[in-house]
Amino acid sequence: MGLFALFSRWPLLRQLRNKDSTALGETAMSARSEKLAPRTVQADKVVRSICPYCAVGCGQKVYVKDGRILDIEGDEDSPISRGRLCPKGAASFQLVTGTHRVTDVLYRRPRAMQWERIPLHKALDMIAERVKQARDSTWESHDDKGRTLNRTLGIAHLGGATLDNEENYLIKKLFTGGLGIVQVENQARI
Amino acid sequence: MPGLGISFGRGGATTFQQDLANADCIVIMGSNMAECHPVGFQWVMEARERGATLIHVDPRFTRTSAMADTYVPLRAGSDIAFLGGLIHYLLENERYFHDYVVHYTNAPAILREDFQDTEDLDGLFSGYDPETGKYGPHTWQYEGMDGVVPAAGHKEVFSEPGAGGHGKVRGKHITEVPRDKTLQHPRCVFQVLKRHYARYTPDVVSRICGVPKELFLKVAKTLCDNSGRERTSAFCYAVGWTQHSVGVQYIRAAAIVQLLLGNIGRPGGGIMALRGHASIQGSSDIPTLYNLLPGYIPMPHAPDAQRLAQYIHNNESASGWWSQFPKYIVSLLKAYYGDAATKKNEWGFHWIPKLTGDHSHMSTVANMADGQVKGYFVMGENPVVGSMNGALQRKGLQKLEWLVVSDLTLTETAEFWRSAPEVLRGDVRPQDIQTEVFFIPAAAHTEKEGTFTNTQRLLQWHHKAVEAPGEARSDLSFLYELGRRLKKLYADSREEKDRAIQALTWDYPTKGPREEPEAEAVLREINGCTVADGKPVSGFTELKDDGSTACGCWLYSGCYADGVNQPARRKPGREQTWVASEWGWAWPANRRLLYNRASADLEGRPWSERKKYVWWDAQRGRWTGEDVPDFIADRPPSYRADKGDRGLDVISGDDPFLMQADGKGWLFAPSGMMDGPLPTHYEPLESPVPNFLYGQQCNPARHEWRRKDNPMHRAWGDPRYPYVVTTYRLTEHHTAGGMSRWLSWLSELQPELFVEVSPELAEEAELENGGWCTVYTARGEIECRVLVTERMRPLRLGGRRVHQVGLPYHWGYTGRVHGDSTNDLIGFTADPNVSIQESKAFTCNLLPGRRSHDRRAAFGWEPWPLPPGVVEVPRDLEGVGPPEQPPQDKE
Ligand code: SF4
Ligand code: SF4
């Protein structure tokens, strides 16, 4: 490279030439950084979502390519968050794609020392049978004064504050409305 | 949430986060908003940029305090004294908003003659039953009334025999309640309020809270200067207020302040409840709570709800919006049981199980530890870390026959049988734990669709981006499959007890290769439809009580109006007005700022140009403005109810709180609260000092679990546990850590548990910054690092110096970063209204160095006895106090 060419790449000169007083524009770019692009541009779709942590309810954009999540960023369209996410919201990409995710159904037999894998449909069958057994054996149709109770206190539930409204609706409907389980609770109390 | 519900009519934040920018003054109390709701805090900062004053009142100096104009340190657990002091100040100095108070609150209503205040009874109200440890609210009534139905809270207290309204509709004579609009009558609410708070003077506030008098007066003055016709102030709170044995009354106290200042229903005003989970508001609205059905419809109690008619009579109000109650319950039963719900079988009402008392989380766990619960479902929650007395929770899990945990990863709750401290130590062997455990991997929010309800009652739809990995499934799918199996198992039964599950409607359409149920179909059911043609209704006003409509949650009715998924609306904020009504959908009826009729004066004109929001358009004969009017759209301000009017006719043009039986904001709660009509300062169950105001030390109606595995300290001044401790959250972690402690990005930022202490305390307890410390209570002990900081300050209470320490609570024994669980220190005690535990103020002791054992009362450790010469002191006046276990329903 000739001396002149080298000299003309001197940032100060470029800054003067480009009238870029803050040096935040093109002057700051190198040949390499000029070619860089955010990984989100590769996305084949952008799905609108909501941060799953706290109740501020920040908008999220989920960038997807070939059925995999590339990144999650704040949604600048949201009138509440205006594109921002806090450290938790910004970490939700790791929350959903991280190696901590367990993707098998696990089962621990009574008194066992280890988990074992079982298929989902089998687990569902087993749980349904246990629900029936526990419900039937603890059913209270009436109290000692002959008043209708129609319930079981032998089964309980906890959870809901991080779930969708639709999921909470089915919990209450199935457990309380269908099975007579009274002890249905969530974090709103805790 | 009943604190807001009972005061104003609905259990949700009265305003929305963006509206905070309109405030002239914001008081943040019981919340560290900058760190716990960081993105919401931008609206507070925006208000500050527009010139608002920010006040932060909190035991700890935090990043919120750093941004505040005024920071007020106060003793954890003394907030009612502080708020009561504000009420005293603005009544004494006549700084309340006169016209608003006279017309929009129940200040002029006259109470019965036999009402007695805590001033008369040394800390008790009239109506206390020493045998049950409960209050009956009949003496708290308006004069001449047969009882009013509260819009929220414990409606059933009135349905108890002898309580007034048994078996007949209450509130018929609401228009005849004597009122004194001059506010002079000695028994009018205004005067009662004045007397109740007469002793909450700046000196007393200073004495109880440890707040210097001048600082308190500065807050009071700033707040008053920024309220009135031209200006408005807002309050923000979080669990720093709710997690106390008098938590609901904290919120009631703020509600009284805001009503007196005329700050409710107006832009830049209100009470912003800051919730900590993506859908915690939703999980109360469509409740996974034992005592509620969707839309705050109370679960039936066995003694008072054997028949539908009896249940309806106990819950509907003759006046106000709850006169619509029959429509909502019948439509819900139709949604649950479909064609099987007929008029003849009372729409299947008897299939809904009946309560007989408290069946809340803590009662359930206590029963579990006693071996009475066989099976337990835990979905997206980690009670072993997130709930109080974690060791007792684990003891409960050990006694189960089976446990189902659904989560993203193996939480402490899922692994209690193999990596809990008592197991690792060898005190309990896995071979001896007979509990069968199922772990169901859950789908993440990006792998399913549905709605979250955020802190401002806003439903926002999240779309599905990708398929869940492996066998992970949404809880929706899990429940749907489980329900199908159970319906099959019970299909051939002829037993009466199995009719409900047989009748339950469960035919949701499925989609995708895995045949997962469609969340949108569930949303449709929640919205409601006309049974005949399945057409979605446009809102709850279309619901009927004749079985012709079905609706899963009347409060959310309208979220699928016109067959459109309203929560999925995403018109960019910058293309709308600042209210942004076309982003998502807010309950009720897409109203963003509740009670907004109060933003206009008696004649329906804005109180001021500056605070214009909703007003009466006389030409069109309608309410109009920036938002959906929270009022009957065409009812003129001049309309007055007649004697004998019923239902919605009772709502006059000057009744902005239309959910309330009398249309007014409740300064005084004649019904609905379990622990008194007015907030009163009681000490936490464990306190450094006796109650300065009353002989009654603690909330007389609190819940207590007196068990060997749940020991408590001396009521006050326990020499074994001299320090006040308060727990809190960090920005980088989320509650029990299930969604944060497994992420390296977050764990790196906050790797381990620490205790915040002041330099003075560090010296007294010989603690070193960065060194180890053992924190212990009678329930157990934990170890953590020491953070010596001037952000914690010793307080002066009279002549005494009181130290406070702060403890975050996110750690446990599994995950990427481990640590002891702070909640192992906390006992089971609860507020009687909502059964929330007291984790924001209790006492502890500190020792330098690491713990040598891992003592837990739940596993047989016995705390040290009181030193010789020190005796127990009572928490209650003679003959007062909770019975042994949380009270069961009485005959
Ligand atoms: S550290 Fe915090 S402030 Fe800095 S870029 Fe990351 S999220 Fe933003
Ligand atoms: S990004 Fe942060 S502030 Fe926003 S919802 Fe998520 S956790 Fe809350």
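Residues take numbers from 1 onward in each chain, read along the sequence in its written order. As a convention, the first chain written is A and the first ligand written is 1, with the rest following in written order. Two thresholds apply to this predicted model, a pLDDT of at least 70 for residue-level local features and 80 or more for giving and counting side-chain atom pairs, whereas whole-chain, interface and lining totals are computed over all residues. For the side-chain quantities, the full set of heavy atoms in the structure was used; hydrogens and water were omitted.

1. Some words on the overall build of chain B
To keep things clear, this is the line we draw: Comment: elements are numbered from the N terminus, with helices defined as DSSP H or I runs of at least four residues and strands as E runs of at least two. Two things to know: the radius of gyration comes from C-alpha atoms, and the globule rule equals 2.2 Å times the number of residues to the power 0.38. Burial classes follow relative accessibility: with a 1.4 Å probe on protein chains only, a residue under 20% of its type's maximum area counts as buried, one over 50% as exposed, and anything between as partly exposed. Note on contacts: a residue pair is in contact if any heavy atoms of the two residues lie within 4.5 Å. Where accessible areas are quoted, they stem from the Shrake-Rupley method and a 1.4 Å probe; at the residue level, only the protein chains shown are allowed to cover. Two residue types count as positive, namely Lys and Arg, and two as negative, namely Asp and Glu; His and chain ends fall outside the count. Taken as the charge location is NZ of Lys, CZ of Arg, CG of Asp or CD of Glu.
When helices and strands are tallied, chain B shows 25 helices and 31 strands. Over its C-alpha atoms chain B spans a radius of gyration of 26 Å, differing by no more than 12% from the 29 Å that the globule rule assigns to 891 residues. Counting only C-alpha atoms, chain B reaches 75 × 70 × 60 Å along its principal axes. Counting over 891 residues, chain B shows a buried share of 71%. Taking the intrachain contacts of chain B between residues at least 6 apart in sequence as the baseline, contacts between residues at least 24 apart amount to 73%. Summed over all atoms, the accessible surface of chain B reaches about 26,600 Å², with 48% contributed by carbon and sulfur. Distance between charge centres in chain B, computed from 98 positive and 112 negative side chains, equals 2 Å.

2. As for the overall build of chain A
What chain A contains, in helices and strands, is 7 helices and 8 strands. Against the globule reference of 16 Å for 190 residues, chain A gives a C-alpha radius of gyration of 29 Å, more extended than a compact globule. With respect to the three principal axes, the spread of C-alpha positions in chain A is 100 × 40 × 30 Å. Out of the 190 residues belonging to chain A, those deemed buried represent 58%. Just so you have it, chain A exposes about 8,500 Å², and 54% of that area is on carbon and sulfur atoms.

3. Observations regarding the interface of chain B and chain A
By a frequent convention, interface size equals the accessible area lost on bringing the separate parts together. Selection rule: Defined in terms of a 1.4 Å probe, buried area is the accessible area two parts forfeit on being brought together, summed over both. We define a salt bridge as a contact between a side-chain nitrogen of Lys or Arg and a carboxyl oxygen of Asp or Glu at a distance within 4 Å. The definition of a polar contact used here is a pair of N or O atoms within 3.5 Å, where within protein one atom must be able to donate a hydrogen and the other to accept one, and adjacent residues in sequence count solely through side-chain atom pairs. Under this grouping Gly is polar, as are all residues other than the nonpolar Ala, Val, Leu, Ile, Met, Phe, Trp, Tyr, Cys and Pro and the charged Asp, Glu, Lys and Arg.
If you look at the interface, chain B gives 162 residues, while chain A gives 122 residues. When the buried area of chain B at its contact with chain A is split by residue, B:T288, B:E381 and B:K497 rank highest and sum to 6% of it. Here chain B and chain A share 9 salt bridges between them. One salt bridge in this structure joins A:R135 and B:D498, with 2.8 Å as the shortest N-O distance. Across the chain B-chain A interface, the total number found is 84 residue pairs in polar contact (both at pLDDT 80 or more). It is helix α21 (residues 475-489) of chain B that provides the largest number of residues to the side of chain B that touches chain A, a total of 10 residues. Split into classes, the residues belonging to the side of chain B that touches chain A amount to 81 nonpolar, 54 polar and 27 charged.

4. Topic: the packing of aromatic side chains
Residue and element names in this part refer to chain B. So the rule is basically this: Aromatic pairs are defined between Phe, Tyr and Trp rings, using the six-membered ring for Trp, whenever the two ring centres lie within 6.5 Å; interplanar angles under 30 degrees are classed as stacked, those over 60 as edge-to-face, and all others as tilted.
Evaluated as defined, the whole model comprises 43 aromatic pairs over all chains. Taken together, a centroid distance of 5.6 Å and an interplanar angle of 80° make the contact between W322 and W554 edge-to-face. Of the two residues, W322 sits in the loop between α14 (308-315) and α15 (325-337) while W554 sits in the loop between β18 (549-550) and β19 (585-586), which places them 232 residues apart along the sequence. Of the two residues, W322 and W554, both sit in the buried class. Where Y595 meets F657, the ring centres are 5.0 Å apart and the plane angle is 35°; that geometry is what we call tilted.

5. Re the sheet that holds strand β2 (residues 53-58) of chain B
All names here are of chain B. The test is simple: For two strands to be treated as a pair, DSSP must find at least two bridges joining them. A fitted line through C-alpha atoms represents every axis, and for helices the fit uses only the stretch in contact; the resulting angles, taken between N-to-C directions, go from 0 to 180 degrees.
Spatial strand order, β3-β2-β1-β6-β7: 5 strands in an open sheet with parallel pairing. Both outer strands of the open sheet, β3 (70-73) and β7 (271-273), are each paired with one neighbouring strand and no more. Each strand axis lies, on average, 15° off the axis of its neighbour in the sheet, ignoring direction. In terms of strand pairing, strand β1 (residues 25-29) meets strand β6 (residues 233-237) through 4 bridges, oriented parallel. Its bridge partner lying in β6, I28 is registered against C236. Sitting on the sheet, helix α10 (residues 213-225) is in contact with β1, β2, β3 and β6, with an inclination near 130° to β3.

6. Quick word on the domain arrangement of chain A
Test applied: Domain delimitation in this document rests on an assignment produced automatically or drawn from a domain database.
Parsing chain A into structural domains produces domain 1 (3-35), domain 2 (39-97) and domain 3 (138-186). Each of domain 1 of chain A and domain 2 of chain A has a C-alpha centre, and the two are 34 Å apart.

7. As for helix α23 (residues 519-527) of chain B
Counting buried positions along α23(B) gives 7 out of 9 residues, so the element sits mostly inside the fold. What α23(B) keeps buried is the set B:A519, B:A521, B:V522, B:L523, B:E525, B:I526 and B:N527. The inward-facing, buried residues of α23(B) contact α7 (165-178) of chain A together with α15, β13 (450-453), β14 (458-462), α21 and β16 (516-517) of chain B.

8. Topic: the sheet that holds β13(B)
Spatial ordering of the open sheet is given by β13-β14-β19 (chain B), a layout of 3 strands whose pairing is antiparallel. In this open sheet, the two edge strands, each paired with only one partner strand, are β13 and β19 of chain B. With 2 bridges connecting them, β14(B) and β19(B) associate as antiparallel partners. Looking across to β19(B), one finds that B:L459 is bridged to B:W585. Relative to the sheet, α7(A) contacts β13 and β14 of chain B, its axis offset from that of β13(B) by approximately 95°.

9. Some thoughts on the site of ligand 2
Cut-off, in case you're wondering: Proximity criterion: a residue is near a molecule or strand once any of its heavy atoms comes within 4 Å of it.
In the vicinity of ligand 2, the contacting residues are A:C51, A:Y53, A:C54, A:V56, A:G57, A:C58, A:L85, A:C86, A:K88, A:G89, B:P38 and B:V39. Positioned at a junction of chains, ligand 2 has nearby residues supplied by chains A and B. Residue composition of the shell around ligand 2, by class: 9 nonpolar, 2 polar and 1 charged.

10. Points about a nonpolar patch on the surface
Residue and element names in this part refer to chain A. Stated formally: Each patch is assembled from residues with relative accessible area greater than 30% and no salt bridge, linking like charges that lie within 9 Å and nonpolar side chains (Val, Leu, Ile, Met, Phe, Trp, Tyr) that lie within 5 Å.
A surface patch of nonpolar side chains, amounting to about 590 Å² of accessible area, comprises F4, F7, W10, L12 and L16. Breaking the nonpolar patch down by element, the ones donating at least two residues are α1 (3-8) and α2 (11-17). Mapping W10 onto the fold places it in the loop between α1 and α2.

11. Description of the layout of surface pockets
Residues and elements named next belong to chain B. Short version of the rule: Put plainly, a pocket is an open set of points on a 1 Å grid over the protein atoms alone with protein on both sides within 12 Å along at least five of seven lines, a cavity is a set where a 1.4 Å probe fits but cannot get out, and a lining residue has an atom within 4 Å of a point. Grid points are joined across faces, edges and corners, and a volume is the space filled by probe spheres set on the points.
Counted as a void, the largest pocket has a volume near 460 Å³. Around the largest pocket sit 19 residues that line it, and A335, T505, D507, E525 and C529 are the ones nearest its centre. Those elements that provide at least two residues to the lining of the largest pocket are α15 and α23. With 3 residues, the single largest contributor to the lining of the largest pocket is α23. Approximately 390 Å³ is the volume attributed to the second largest pocket. Forming the boundary of the second largest pocket are 22 residues, of which R707, K708, P711, M712 and P863 lie nearest the centre. Looking at the lining of the second largest pocket, its residues break down into 12 nonpolar, 2 polar and 8 charged.

12. Things to note about the nonpolar core
Residue and element names in this part refer to chain B. Worth spelling out the cut-off: By nonpolar core is meant a set of buried Ala, Val, Leu, Ile, Met, Phe, Trp, Tyr and Cys residues that side-chain atoms within 4.5 Å join together.
Counting 114 residues, the largest nonpolar core has F82, L86, F235 and L260 as the members making the most contacts within it. The leading source of residues in this core is helix α12 (residues 247-260), at 10 residues. When neighbours within four sequence positions are excluded, F235 is seen to be in contact with V27, L83, L86, L223, W241, A254, V257, Q258, G270, I271 and M272. With 103 residues, the next largest nonpolar core counts L308, V404, L459 and L523 among its residues.

13. What about the UniProt feature "domain: 4Fe-4S Mo/W bis-MGD-type" (unreviewed entry) in chain A?
The condition is simple: UniProt positions are given in the numbering used here, feature names are shortened, and annotations may be inferred rather than shown by experiment.
UniProt's feature table lists "domain: 4Fe-4S Mo/W bis-MGD-type" (unreviewed entry) at residues 44-100 of chain A, given in the numbering used throughout. Between the C-alpha atoms that bound residues 44-100 of chain A the distance is 26 Å, and the span itself is 18% helix and 35% strand.

14. Describing the pairing of β3(B)
Residue and element names in this part refer to chain B. Neither face of β3 is exposed, since T70 and V72 on one face and Y71 and P73 on the opposite face are all buried. As paired strands, β2 and β3 are joined by 4 bridges and run parallel to one another. Bridging across to β3, V57 finds its partner in V72.

15. Focus on the environment of A:Q42
Residue and element names in this part refer to chain A. With respect to the secondary-structure elements, Q42 resides in the loop between α3 (31-35) and β1 (45-50). Given the relative accessible area of 43%, Q42 is considered partly exposed. When the C-alpha atoms of Q42 and L70 are compared, they prove to be 8.5 Å apart, with 28 residues separating the residues in sequence. Q42 has contacts with K65 and L70, leaving out every residue within four places of it along the chain.

16. Observations regarding the side chain of B:T15
Within the secondary structure, B:T15 is located in the loop between α1 (2-8) and β1. Polar contacts involving the side chain of B:T15 include one to the side chain of B:D19, which spans 2.8 Å.

17. Regarding the packing of helix α5 (residues 79-92) of chain B against helix α9 (residues 202-209) of chain B
Residues and elements named next belong to chain B. Selection rule: Any angle from 65 to 115 degrees is called roughly perpendicular, while one under 35 is roughly parallel, one over 145 is roughly antiparallel, and all others are oblique.
The contact between α5 and α9 brings their axes to 9 Å, and the two run at 170°. Between α5 and α9, the interaxial angle falls into the category roughly antiparallel. The segment α5 lies against α9, with A81, F82, G85 and H88 engaging P202, V205, I208 and C209. Of the residues assigned to the contact of α5 with α9, the class counts are 6 nonpolar, 2 polar and no charged.

18. Regarding the pattern of salt bridges
Residues and elements named next belong to chain B. All chains considered together, the criterion is met by 81 salt bridges over all chains. The shortest N-O distance in the salt bridge between R63 and E35 comes to 3.1 Å. Of the two residues, R63 is situated in helix α4 (residues 63-67) and E35 in helix α2 (residues 33-36); the sequence distance between them amounts to 28 residues.

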